[in-house]
Amino acid sequence: MIRQTMIAVALAAATPAFAQDQMNDLQIAHTAYTAGQLDIRYAHLALAVSENDAVRAFAETMIRDHTAVNDAAVALITELNVTPEDNDLSRALVEGAAAKRAEFMALSGNEFDCAYAANELGYHQVVNQTVEGKFIPWATVEPLKALLSDALVTFKVHEGHAEDMVAGLQCAS
Amino acid sequence: MRVVSGATRRRFGLLMGAGLVAPLVVRAHDGPHLVEAGIEGFAFVPCRLEIRAGDTVRWTNHDIAPHTATDKAGGWDTGRIAKGESSDVTYDAPGTYAVFCRFHPNMIAEVVVEPA
């Protein structure tokens, strides 16, 4: 538990300051979609590199579930006829993820698996805290609030799966 | 076992106990029944179904993430069920079937099929 907390703290520190200032609905939508796309990219990298069955299964789940959530987001955006708004947080997430992928690509075997698993745990912890504590309260459009709430159920399950993955890999602390 | 239909958008037809958390039991048997089973919050609801041979279970996914209802023994599989969609499975052979979601294996349920 202590090690997992340390991982989360380290990743939270490495993750761009997540939503310090209140964001509008279009910015929230853009950031949530971006965060999902970035996790899908991490997952594709994991499938390309990892040979661990648990890691690969987790990555496949991330691709499947985040794609479903983002498809629902696109459907909502289309229905509402609005355009999500790029913002500092979305851009910082993209930059942070690029740096993280560069780190991952220098790794292989168990080192990669452990780095990917730890990142997934920390990423979902930070995202879930932000969605639950900030995005949902801030959202003013009811369908967006509902979508975020539905998505949070999925993301919390992912966080639990990530905890199991980290524990199962028995990585060096 | 027959997967009667693939994913459909029939959500609320012939409701017979959807939403029950307790085991769902179909006792009287004046012919085959259609039994609703939900998938919600990454759980099968109800998590235990007791039906008669010849009954059909309609598995409906209410989650944003896709799910399956799959026989652990490999006898049947609904295939991918997206949010708001359903898949019907008819159970002809009595027995107890351990069910899980292929995408999220922690999700489990049980279908008990009694003789008609």
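Criteria and cut-off values
Residues numbered from 1 in each chain as written. Chains lettered and ligands numbered in written order. Predicted model: local features only at pLDDT ≥ 70, side-chain atom pairs only at ≥ 80, totals over all residues. Helix = DSSP H or I, 4+ residues; strand = E, 2+ residues; numbered from the N terminus. Buried ≥ 20, exposed ≤ 12 C-beta atoms within 10 Å, placed from the backbone. Contact = placed C-beta atoms within 7 Å. pLDDT = per-residue confidence, 0-100. Expected span 1.5 Å × (residues − 1). Arc of directions from axis to C-beta. UniProt positions renumbered as here; feature names shortened; annotations may be inferred. Axes fitted to C-alpha atoms, helices over the stretch in contact; angles between N-to-C directions. Parallel < 35°, antiparallel > 145°, perpendicular 65-115°, else oblique. Left-handed = near helix turned anticlockwise from the far one by under 90°. Pairing = 2+ DSSP bridges. Core = buried A, V, L, I, M, F, W, Y, C linked by C-beta atoms within 7 Å.

Visitor: Would you mind going over the overall build of chain A in detail, with residue names and values included?
Guide: When you go through chain A residue by residue, the secondary structure sums to 6 helices and 0 strands. When the helices and strands of chain A are read in sequence order from the N terminus, they spell out α-α-α-α-α-α. Within chain A, the fraction of its 173 residues that count as buried is 38%. For chain A, the share of sequence-separated contacts (at least 6 apart) that also reach a separation of at least 24 residues comes to 82%.

Visitor: Provide a residue-level description of the confidence of the model for chain A, including the pertinent values.
Guide: Residue and element names in this part refer to chain A. Taken over all residues, the pLDDT of chain A has a mean of 90, while the share at 70 or more is 88%. Confidence scores differ between elements of chain A, with helix H1 (residues 2-14) showing the lowest mean pLDDT of 42 and helix H2 (residues 25-49) the highest of 98. The low-confidence segment residues 1-14 (pLDDT under 50) makes 17 contacts with residues lying over four places distant or belonging to another chain.

Visitor: Provide a residue-level description of helix H4 (residues 88-105) of chain A, including the pertinent values.
Guide: Residue and element names in this part refer to chain A. Taking 1.5 Å as the rise per residue, H4 with 18 residues should run 26 Å; its terminal C-alpha atoms sit 26 Å apart, in good agreement. Buried within H4 are the following residues: Leu89, Ser90, Leu93, Ala97 and Lys100. For H4, the buried positions fall inside an angular range of 95° around the axis, keeping them on one side. Seen from the buried face of H4, the exposed residues on the opposite side, beyond 90 degrees, are Glu95, Ala98, Ala99, Ala102 and Met105. Turning to H4, the residues buried within the fold contact H2 and helix H5 (109-138).

Visitor: Account for the UniProt feature "domain: Blue (type 1) copper" (unreviewed entry) in chain B, naming residues and giving values.
Guide: As annotated in UniProt, the feature "domain: Blue (type 1) copper" (unreviewed entry) corresponds to residues 35-114 of chain B in the numbering used here. Split by type, residues 35-114 of chain B is 0% helix and 48% strand. Its first and last C-alpha atoms lie 14 Å apart.

Visitor: For the packing of H2(A) against H5(A), give the residues involved together with the corresponding values.
Guide: Residue and element names in this part refer to chain A. Axis separation between H2 and H5 bottoms out at 11 Å; the angle between their running directions is 165°. With respect to H5, the element H2 is oriented roughly antiparallel. Crossing of H2 against H5: the hand is left-handed. Counting all contacts with H2, which are made through Ile28, Ala32, Ala35, Asp39, Tyr42, Ala46 and Val49, the residues of H5 involved are Phe112, Tyr116, Asn119, Tyr123, Val127, Val131, Phe135 and Trp138.

Visitor: Please set out helix H3 (residues 53-80) of chain A residue by residue, giving values where relevant.
Guide: Because the α-helix completes a turn every 3.6 residues, residues three or four places apart line up on one side. All names here are of chain A. Helix length check: H3, at 28 residues, gives a terminal C-alpha distance of 40 Å against a target of 40 Å (1.5 Å per residue), a fit within 8%. The inward-facing, buried residues of H3 abut H2, H5 and helix H6 (142-169). The positive-phi residue at the C-terminal boundary of H3 is asparagine 81, with phi of around 55°.

Visitor: So what's going on with the UniProt feature "domain: DUF4142" (unreviewed entry) in chain A? Residues and values would help.
Guide: Here the UniProt feature "domain: DUF4142" (unreviewed entry) sits at residues 24-165 of chain A. For the annotated span residues 24-165 of chain A, helix accounts for 88% and strand for 0% of the residues, and the straight-line distance between the end C-alpha atoms is 35 Å.

Visitor: Which residues make up the pairing of strand S3 (residues 34-39) of chain B, and what values go with them?
Guide: Residues and elements named next belong to chain B. Within S3, 5 of the 6 residues are buried, which leaves it mostly tucked inside the rest of the structure. Here S3 pairs with strand S4 (residues 44-45) via 2 bridges, running antiparallel. Of the residues in S4, the one forming a bridge with glycine 38 is valine 45. Hairpin connection between S3 and S4: a loop of 4 residues separates the two successive antiparallel strands, and glycine 41 in this loop has a positive phi of roughly 60°.

Visitor: Account for the nonpolar core, with residues named and values stated.
Guide: Within the largest apolar cluster, 41 residues are counted, with the highest numbers of intra-cluster contacts made by Ile28(A), Ala32(A), Val55(A), Ala117(A) and Leu148(A). Per-element tally for this core: the top contributor is H5(A), with 11 residues. Excluding residues that lie within four positions of it along the chain, Ala117(A) makes contacts with Val55(A), Ala162(A), Met165(A), Val166(A) and Leu169(A). Core analysis: the next-biggest nonpolar cluster, separate from the first, contains 19 residues, Ile39(B), Leu49(B), Val57(B) and Ala69(B) among them.

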